[in-house]
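Each chain, written out:
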Amino acid sequence: MKTLVVYSSRTGNTRAIAEAVAEVLPDCALHPVESAPSPEGYDLVAVGYWVDKGKPDARATAYLEGVRGATVALFGTLGAWPDSDHAKECMACGESLVSAPERGNTVLGTYLCQGKVDPKVVAMMQRMASDVHPMTPERKARLEEAAKHPDEEDRRKARETFRAFVERLG
Ligand SMILES: Cc1cc2nc3c(=O)[nH]c(=O)nc-3n(C[C@H](O)[C@H](O)[C@H](O)COP(=O)(O)O)c2cc1C
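Residues numbered from 1 in each chain as written. Predicted model: local features only at pLDDT ≥ 70, side-chain atom pairs only at ≥ 80, totals over all residues. Heavy atoms only, no water.

The chain carries the name Flavodoxin family protein in an unreviewed UniProt entry, which gives Candidatus Bilophila faecipullorum as its organism. Word for word, the UniProt comment on the chain under Cofactor (unreviewed entry) is "FMN". (UniProt positions renumbered as here; feature names shortened; annotations may be inferred.)

We now examine unusual backbone geometry. Note the cis peptide between His-149 and Pro-150, where omega equals -5 degrees. For Pro-150, the location among the structural elements is in the loop between helix 5 (137–146) and helix 6 (152–169). Here the phi dihedral of Lys-53 falls at roughly 50 degrees; this positive angle occurs in a residue that is not glycine. Take Lys-53: it is sitting in the loop between strand 3 (44–52) and strand 4 (55–56). (Helix = DSSP H or I, 4+ residues; strand = E, 2+ residues; numbered from the N terminus.)

Looking only at helix 2 (residues 58–65), the buried set comprises Ala-60, Thr-61, Tyr-63 and Leu-64. Angularly, the buried residues of helix 2 cover 165 degrees about the axis, an arc narrow enough to put them on a single face. The outward face of helix 2, more than 90 degrees from its buried face, is lined by the exposed residues Ala-58, Arg-59 and Ala-62. (Buried < 20%, exposed > 50% of the residue type's maximum accessible area, 1.4 Å probe, protein only. Arc of directions from axis to C-beta.)

Here it is in structure tokens:
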């Protein structure tokens, strides 16, 4: 079995998960999306994104839009709680980029975890849209928790999830 991990990462969170995923995939090639090979010829293609305004980021999206006839599994990082409706919507959005029947892909699933939000971006959002993103106690707690991720437990869960995906392929 030949496998490929492609990730898009601005500040390193998604790269950390990509490295954990690559540890458990057989005969694995690991590439940032900027220099990733085309997905043809791999038995499993794992693509990682960071969430940008409720969706997989633009670079990961462009890569996913070109995947055809492949077995695909996704992973990603985001500032929100991984069990929130927001995270579920991001996950569904990512899978919808590869799951249209005419594309001929098999989608195994998505692993999402929190990732620290660039403090410069938090500060900028506060300045530009404090009415849209007011710093409520809930939001402060969420950002403080996100700042600790991805951690060793997130990497362990990523390895476990992708080990199970490989077992499903037999
Ligand atoms: C411009 C921008 C937009 C973001 N939008 C969201 C969002 O809509 N929802 C969310 O949960 N996190 C959002 N985040 C947080 C990132 O998804 C999170 O910090 C992620 O772990 C960054 O991954 P990276 O280190 O691989 O770049 C945003 C971050 C940035 C910089």
